[in-house]
Amino acid sequence: MATKEPLLKVEHLSKEFPAESGMLMSRFAKKVSAVNDVSFEIYPGETLGLVGESGCGKSTTGRSIMRLTRPTAGHVYFEGRDVAKMSHKELKSLRREMQFIFQDPYASLNPRMTIGEIISEPLQIHGDGRTASERNKYVRELLDVVGLNPEHINRYPHEFSGGQRQRIGIARAFALHPKLIICDEPVSALDVSIQAQVLNLLKDLQKQFGTAYLFIAHDLSVVQHISDRVAVMYLGKIVELSDWKTLYAEPQHPYTQSLLSAAPIPDPDIQKSRSRIILAGDPPSPIDPPSGCRFHTRCPIAQGVCSEQQPEFREVEPGHFCACHFAAPFPIKESSIEL
Amino acid sequence: MIYPSPTQNIGMQAKAESTVAAKANAGDSSASRTLWGDAFSRLKKNKLAIIAAVWIIFIILIAITADLWVPQTLGDPTATAANMAESSRLAPSLEHPFGTDTLGRDVLSRVIYGARISLTVGVVATGISTILGLIMGAIAAYYGGIWDTIIMRLADIFLAFPYTLFVVAMIAVIGNGIQNVFIAIGILGWPSIARVFRSAILSVKENDYVDAARAMGASDVRIVARHIFPNSVASIVVYATMNIGGAILTESALSFLGMGVVPPNPSWGTLIQDGQQYLQTEPWLMILPGLAILSTVLAFTLLGDGLRDALDVKMKDA
């Protein structure tokens, strides 16, 4: 996979929001650094999982790639073209290739449009050259593909369950056969039983259409289920990026390791016997991020250098990137865990 | 367009899921329904709103058809009666159900023709203020920043004055007469509509489906027309309905103060003004037009209330 040209290339992407919007003081207002110097690549047809806790900048990264918010710094290249420098016309053609699936299946569908209108809207916008009846037929096919009853084409979103609504959102995203879909926590609002169905649907559609996903989630098990590679974010930075097998088997960043140790294992014997890394405190405020390594305030193996020098995001082994001064397989030794 | 069929297990799971929904939705077998249709069926269940709507339609029909039947039986509502001395201020009777006024004119026919003027003022003035309010509110909400600040502070200034006093002052400047009443009430009514519409747009704008439309590459015009407007207009429909009642009241107040509709044209306000001096001796001269105002304004308020409940998408037909 890595031999191909990347479909999407994100370079040093940063996004800051003004923290206090004062009318007069806006120039001196504090900034929330939501995303800070994030770089990664997505190859055609693969899934990159992006995990991290709430507020770490996962969604902002996704929205900046789509240019739903303008990044403060950095570049996003889609098939080599810089998204930030695109004209209106280019941007419109980009949006044919790149789609978005939203977290909240209730807020992402217009309550006053039938699902037929919702799914055919991207077709109308991009003028697919179909007649009304052809379009109707195509939308019915799409409904069938995502596992909904095509007879329900004239129903309104409020008549569907959360899982079904998410299927409608997926059908809308796939209507134009995009090359990349950014899935912003598409299953986190759903029941666990429905989550698996929707994840399987996304996987199947990927197989059919060869779409690449940027899959944003806060649930490691969900990401494991669908991703080829996984990036872990902490406080606006990517701390570790690797293919998922390596990441889950040999995490090199202490944060990744603590996350993995927190995910429950569905076997009580193993779950009881294994040691868990419990991080102290809450993530620091992104308004005033810690100096040096942003994780040093909570890191069990932090040393003097961590608060002074920002660790480089370096390739610790082929295809495995980590931003830690002490990156090593299992950096946190049993002895260093305080219980 | 050829699709490989989705794998078996997904189809199965989805079917199980949609059967649940189908059961939940049992009863609505019709494939195509509109939200306005749904709203109407909900409105029909609200008895008070339906009574109000029937009353409003009744008044409107009477006002429109007045020319066809009122003059023949009750005489010209504006002209002084020929035999003024005998027919002045008669008590209600079969011939004159609402009695007659000082000039011997039939009060019922004046109330009916007054309905024409009062309703027209209510609808036209509300129309003017709604259009102004929609434009101002939309600009403030959609463009934000300096436009928002200018428009909303302007609205605050308008709202800082007592409304009736402001209208009276404006009438004093531009002169009285029906058209000026339209203009004064219409122009001065926009700030509250603009506020309601602005906040409706701001809350709708935050919804993911607006972002979804942007992500699809929809133009600004399309986003406003297809996504923002349909979802924020319900509050305006409700507000405008109630506003009609308010405009009728304001017109009555103006006419009562002698600053609105000029005699001999009848409006409900001028009728009360005419009748108030005889409140002790011939109270029907004031009370009956007063009841017309009361019932109509109340009807618009109740209908607005009913519409608000009916237009709420999330209200299920429980």
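Predicted model, so just to flag it, every value in this text is computed and none were measured.

Caption draft 1: Region of interest: the overall build of chain B. A count of helical and extended segments in chain B gives 13 helices and 0 strands. The order of α-helices and β-strands along chain B, N terminus first, is α-α-α-α-α-α-α-α-α-α-α-α-α. Looking at chain B as a whole, 41% of its 318 residues qualify as buried. For chain B, contacts bridging at least 24 residues in sequence account for 69% of all contacts bridging at least 6.

Caption draft 2: Here's a closer look at the sheet that holds strand 4 (residues 73-78) of chain A. All names here are of chain A. Strand order in the open sheet formed by 4 strands is 2-1-4-5, and the pairing between neighbours is antiparallel. Where the open sheet ends on each side, the last strands, each with one partner, are strand 2 (31-42) and strand 5 (81-82). As paired elements, strand 1 (residues 8-18) and strand 4 share 5 bridges and run antiparallel to each other. Looking at strand 4, one finds that Ser14 is bridged to Ala73. Those strands touched by helix 1 (residues 58-65) are strand 1, strand 2 and strand 4, and its axis lies near 115 degrees from that of strand 1.

Caption draft 3: Spatial organisation of the confidence of the model for chain B. Residues and elements named next belong to chain B. In the predicted model, chain B carries a mean pLDDT of 79, and the fraction of residues at 70 or more is 81%. At the low end of the mean pLDDT range in chain B sits helix 1 (residues 8-24), at 43; at the high end sits helix 6 (residues 145-160), at 91. Scored below 50 in pLDDT, residues 1-32 makes 33 contacts in the model with residues more than four places away or belonging to other chains. Of the two predicted TM-score estimates for the complex, the pTM is 0.74 and the ipTM is 0.81.

Caption draft 4: The arrangement of the nonpolar core in detail. The biggest cluster of nonpolar side chains holds 155 residues, and the ones touching the most others in it are Leu214(A), Phe215(A) and Val232(A). Here the element with the most residues in this core is helix 5 (residues 107-143) of chain B; it accounts for 14 residues. Counting contributing residues, this core receives three or more from each of domain 1 (8-234) and domain 2 (254-339) of chain A. Look past the residues within four positions of Phe215(A) in its chain and what remains in contact with it is Thr47(A), Leu48(A), Gly49(A), Leu50(A), Cys183(A), Val223(A), Ile226(A) and Ser227(A).

Caption draft 5: Layout of helix 4 (residues 132-145) of chain A. All names here are of chain A. For helix 4, which comprises 14 residues, the first-to-last C-alpha distance of 20 Å matches the rise-based estimate of 20 Å (1.5 Å per residue) to within 8%. Every buried residue belonging to helix 4 is among Val139, Leu142, Leu143 and Val145, and all of these are buried. Seen from one end, helix 4 has its buried residues packed into an arc of 155 degrees, which puts them on one side. In this structure, the buried side of helix 4 is in contact with helix 3 (115-125) and helix 5 (162-174).

Caption draft 6: Focus on the sheet that holds strand 9 (residues 229-234) of chain A. Residue and element names in this part refer to chain A. Read from one edge to the other, the open sheet built from 8 strands follows the order 6-7-8-3-9-10-12-11, with strand pairing classed as mixed. Strand pairing shows two members of the sheet lacking a second neighbour, strand 6 (98-101) and strand 11 (314-317), which therefore form its edges. The sheet shows a mean angle of 20 degrees between the axes of neighbouring strands, taken without regard to direction. Along the sheet face, helix 9 (residues 254-262) touches strand 9 and strand 10 (237-243) and points at about 105 degrees away from the line of strand 9.

Caption draft 7: Main features of the packing of helix 7 (residues 163-174) of chain B against helix 8 (residues 178-188) of chain B. Residues and elements named next belong to chain B. At a closest axis distance of 10 Å, the pairing of helix 7 and helix 8 adopts a crossing angle of 140 degrees. In terms of their interaxial angle, helix 7 and helix 8 are classed as oblique. Between helix 7 and helix 8 the crossing geometry is right-handed. The residues of helix 8 that touch helix 7, namely those facing Tyr163, Phe166, Val167, Met170, Ile171 and Ile174, are Asn180, Ile183, Ala184, Ile185 and Leu188. Across the contact of helix 7 with helix 8, the residue classes tally to 10 nonpolar, 1 polar and no charged.

About the thresholds
- Residues numbered from 1 in each chain as written.
- Chains lettered and ligands numbered in written order.
- Predicted model: local features only at pLDDT ≥ 70, side-chain atom pairs only at ≥ 80, totals over all residues.
- Helix = DSSP H or I, 4+ residues; strand = E, 2+ residues; numbered from the N terminus.
- Buried ≥ 20, exposed ≤ 12 C-beta atoms within 10 Å, placed from the backbone.
- Contact = placed C-beta atoms within 7 Å.
- Pairing = 2+ DSSP bridges.
- Axes fitted to C-alpha atoms, helices over the stretch in contact; angles between N-to-C directions.
- pLDDT = per-residue confidence, 0-100.
- Core = buried A, V, L, I, M, F, W, Y, C linked by C-beta atoms within 7 Å.
- Domains from an automatic or database assignment.
- Expected span 1.5 Å × (residues − 1).
- Arc of directions from axis to C-beta.
- Parallel < 35°, antiparallel > 145°, perpendicular 65-115°, else oblique.
- Left-handed = near helix turned anticlockwise from the far one by under 90°.
- Nonpolar A, V, L, I, M, F, W, Y, C, P; charged D, E, K, R; others polar.

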